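# Notes for the structure review
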Amino acid sequence: MITLTGLQKVYQGESGIVTALDNVSLAIEQGEIFGIIGKSGAGKSTLIRCINLLERPTAGRVIVDGQDMTALSERELREARKSMGMIFQHFNLLSSRTVLENVSFPLEIAGVSRNEREKKVIPLLELVGLADKRDVYPAQLSGGQKQRVGIARALASQPKVLLCDEATSALDPQTTESILALLKDINKKLRLTIILITHEMHVIKAICDRVAVIEGGHLVETGKVFDVFTNPQSLTAQDFIKTVVNNKVPEALSAVLSKTPTAGGNLVVRLSFFGEATNEPVIAGLIRKFAIDVNIISGNIDHLQDIPYGTLLMELSGNEKDTEAALHYLQDLDLRTEVIGYVARHAHAAS
Ligand SMILES: Nc1ncnc2c1ncn2[C@@H]1O[C@H](COP(=O)(O)OP(=O)(O)OP(=O)(O)O)[C@@H](O)[C@H]1O
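Bear in mind that the values here come from a model prediction, so they are computed numbers and not experimental data. (Residues numbered from 1 in each chain as written. Predicted model: local features only at pLDDT ≥ 70, side-chain atom pairs only at ≥ 80, totals over all residues. Heavy atoms only, no water.)

### Details of the packing of aromatic side chains
What describes a pair of aromatic rings is the distance from one ring centre to the other and the angle between the planes of the rings. The test is simple: For Phe, Tyr and Trp, where Trp contributes only its six-membered ring, two rings pair if their centres lie within 6.5 Å, and the inter-plane angle classes them as stacked under 30 degrees, edge-to-face over 60, or tilted in between. Only DSSP runs of H or I with at least four residues qualify as helices, and only runs of E with at least two residues qualify as strands; both kinds are numbered from the N terminus onward. Burial status follows relative accessibility: with a 1.4 Å probe on protein chains alone, a residue under 20% of its type maximum counts as buried, one over 50% as exposed, and anything between as partly exposed. The rule is short: NZ of Lys or CZ of Arg within 6 Å of the ring centre and within 35 degrees of the ring normal puts a charge over the ring.
This structure, assessed with the given rule, holds 2 aromatic pairs. Aromatic pair Phe226 and Tyr309: ring centres 6.5 Å apart, planes at 80°, arrangement edge-to-face. Taken as a pair, Phe226 in helix H8 (residues 225–230) and Tyr309 in strand S13 (residues 307–317) lie far apart in primary sequence, 83 residues in all. In this structure Phe226 comes out as buried when scored by relative accessible area, which is 12%. The class of Tyr309 is buried, set by a relative accessible area of 4%. Above the plane of the ring of Phe240 lies Lys39, whose end atom (NZ or CZ) is 6.0 Å from the centre.

### As for empty space enclosed by the protein
What counts, and what does not: Buriedness of a pocket was judged along seven lines, with at least five required to meet protein on both sides within 12 Å; pockets are open sets of points on a 1 Å grid over the protein atoms alone, cavities are sets where a 1.4 Å probe fits but cannot get out, and lining residues have an atom within 4 Å of a point. Grid points are joined across faces, edges and corners, and a volume is the space filled by probe spheres set on the points.
The full count for this structure, using the stated rule, is 1 cavity of 30 Å³ or more. If you add up the space inside the largest cavity, you get close to 70 Å³. Taken together, Cys164, Glu166, Ala167, Thr168, Ser169, Leu180, Leu183, Leu196, Ile197, Thr198 and Val203 form the lining of the largest cavity. Looking at the lining of the largest cavity, the elements that each hand over two or more residues are helix H6 (173–190) and strand S8 (193–198).

### Quick look at the site of the ligand
Definition in use: The nearness test applies per residue and asks whether one of its heavy atoms lies within 4 Å of the molecule or strand. Side-chain atoms alone can form a polar contact between residues adjacent in sequence; in general such a contact is a pair of N or O atoms within 3.5 Å, and within protein one must be able to donate a hydrogen while the other accepts it. Calculation of accessible area relied on Shrake-Rupley with a 1.4 Å probe; when residues are assessed, cover is drawn exclusively from the protein chains displayed. Residues are grouped as follows: Ala, Val, Leu, Ile, Met, Phe, Trp, Tyr, Cys and Pro are nonpolar; Asp, Glu, Lys and Arg are charged; all remaining types, including Gly, are polar.
Taken together, Tyr11, Val18, Ala20, Lys39, Ser40, Gly41, Ala42, Gly43, Lys44, Ser45 and Thr46 make up the full set of residues near the ligand. Within the side chain of Ser40, an N or O atom sits 2.6 Å from an oxygen atom of the ligand. In this structure, an oxygen atom belonging to the ligand sits 2.8 Å away from a main-chain N or O atom of Gly41. Burial of the ligand by the surrounding chains reaches 59%, relative to a free accessible area of 630 Å². Among the elements that take part in the shell around the ligand, helix H1 (residues 44–51) stands out by supplying 3 residues, more than any other. When the residues that make up the shell around the ligand are grouped by side-chain class, the tally is 4 nonpolar, 5 polar and 2 charged.

### A look at the pairing of strand S7 (residues 161–165)
Stated formally: For two strands to count as paired, DSSP must find a minimum of two bridges between them.
A large share of S7 lies buried, amounting to 5 of its 5 residues. Residue alternation in S7 divides its side chains into two sets, Val161, Leu163 and Asp165 and Leu162 and Cys164, and both sets are buried. Across 5 bridges, strand S6 (residues 84–88) lies against S7 in parallel orientation. Residue pairing across strands places Phe88 opposite Asp165, the latter belonging to S7. As paired strands, S7 and S8 are joined by 5 bridges and run parallel to one another. From the neighbouring strand, Leu162 faces S8, where its bridge partner is Ile194.

### Re the domain arrangement of the protein chain
For clarity, the threshold we go by: Residue ranges labeled as domains rest on an automatic or database domain assignment. The contact definition used throughout considers only heavy atoms, calling two residues in contact when any of these lie within 4.5 Å. Buried area: the accessible area, evaluated with a 1.4 Å probe, that two parts lose upon being put together, summed over both parts. Here, a salt bridge means any side-chain nitrogen of Lys or Arg that lies within 4 Å of a carboxyl oxygen of Asp or Glu.
Segmenting the protein chain into domains produces domain 1 (2–242) and domain 2 (251–343). Relative to domain 2, the C-alpha centre of domain 1 lies at a distance of 41 Å. At the junction of the two partners, domain 1 supplies 8 residues and domain 2 supplies 8 residues. Here domain 1 packs against domain 2, burying approximately 740 Å² in sum over the two surfaces, 60% of which is carbon and sulfur. Per-residue buried area on domain 1 facing domain 2 is highest for Lys205, Phe226 and Thr230; these three make up 74% of the total on that side. Linking domain 1 to domain 2 there are 1 salt bridge. Ranked by the residues each element gives to the side of domain 1 that touches domain 2, the list is headed by H8, at 4 residues. Residue composition of the side of domain 1 that touches domain 2, by class: 4 nonpolar, 2 polar and 2 charged.

### Brief notes about the UniProt feature "domain: ABC transporter" (unreviewed entry) in the protein chain
Filter applied, for reference: UniProt positions are given in the numbering used here, feature names are shortened, and annotations may be inferred rather than shown by experiment.
Mapped onto the present numbering, the UniProt feature "domain: ABC transporter" (unreviewed entry) falls at residues 2–241. From the first C-alpha to the last, residues 2–241 spans 26 Å; its make-up is 38% helix and 28% strand.

### Focus on the sheet that holds strand S11 (residues 266–274)
The line we're drawing: Fitted lines through C-alpha atoms give the axes, limited to the stretch in contact for helices. The angle between two N-to-C directions lies from 0 to 180 degrees.
Across the sheet, which stays open at both edges, the 4 strands sit in the order S12-S13-S11-S14 with antiparallel pairing between neighbours. Every other strand in the sheet has two partners, leaving strand S12 (293–304) and strand S14 (336–343) as the edge strands with one partner each. If you compare each strand with its neighbour and ignore which way they point, the axes differ by 15° on average. By the bridge criterion, 8 bridges tie S11 to S13 in an arrangement that is antiparallel. The residue bridging Leu267 from the neighbouring strand is Leu316, located in S13. Sheet strands touched by helix H11 (residues 282–289): S11, S12 and S13. Its angle to S13, the strand with the most contacts, is close to 30°. Across the sheet, helix H12 (residues 320–332) touches S11, S13 and S14, and the angle it forms with S11 is around 10°.

Shown next as structure tokens:
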């Protein structure tokens, strides 16, 4: 649906040249929700604005639905942009126009008659849950309602792609959730391809199918959200994931942790398990089969794209032979087992 090849964007900044994007290549499928995450200054806005050529790339190609956007004239580009709606962090609504007039605006510019405009816009207001606000002005709306107007306006020209530029960053957590649910609903109902940029991992976790991680203008990792969450390769992805998945070793424990076995010490392991494995009675099996004690330090089970995913940090206590055997038993199961270290018995207050 969208292919970016060797995208580069160089700005002439005040204190010299800034390479905002460097050799970015990416393929986004029709109908998917694709997230691009990065820290401030990573190049997210530049990247999303290069997709609809609001920014012209310095080098590389942007192919949307088979059409090379970088090869179009300004007039052709205006036409091509109709197939790409965009929503913004600060909504960008016209304050002197009502909700209905804001949503109608792109159609008005395209020369659609008032009657036809209303026919198209009323169902969109229903879709975003604002049918009763049609004659209200933006100043009388909440942030979430303003973003709903933004979404309806972006959908007015029946785009194939919706570009979301930090669309929930100005909203509180509950409103963010409702806007993300709306985007997911629209994605399903209209088979709309959605590309969103964000600096918040929970946004990616909530609705994206795939994610690309960008840092310093480079894509450092791309993959299915489930894969990136459960097995992040880049340090940047690992940092982002820490913000939403709590599988950290508590400070009190890491302070007394040794990387090498200590005589008579306990073994600390972290289990990560997905899908079917979350239903397995792993702990019961351990205790039944081996003469060891199991002390659970922390644990959680969450859902990623409807697949259960969990982590468990625990301490195994027993003689060396039994503990080793228990570790091998865990390593043979269909889950990921990481040895975190060894700790002298009663060296911390985890239990
Ligand atoms: N018009 C411009 N002129 C010069 N430099 C620019 C311009 N726009 C962006 N940059 C620079 O390009 C880099 C990437 O900026 P960009 O806005 O794409 O990052 P971002 O990831 O969206 O950041 P944020 O989350 O803070 O908005 C930054 O170093 C920025 O200062």
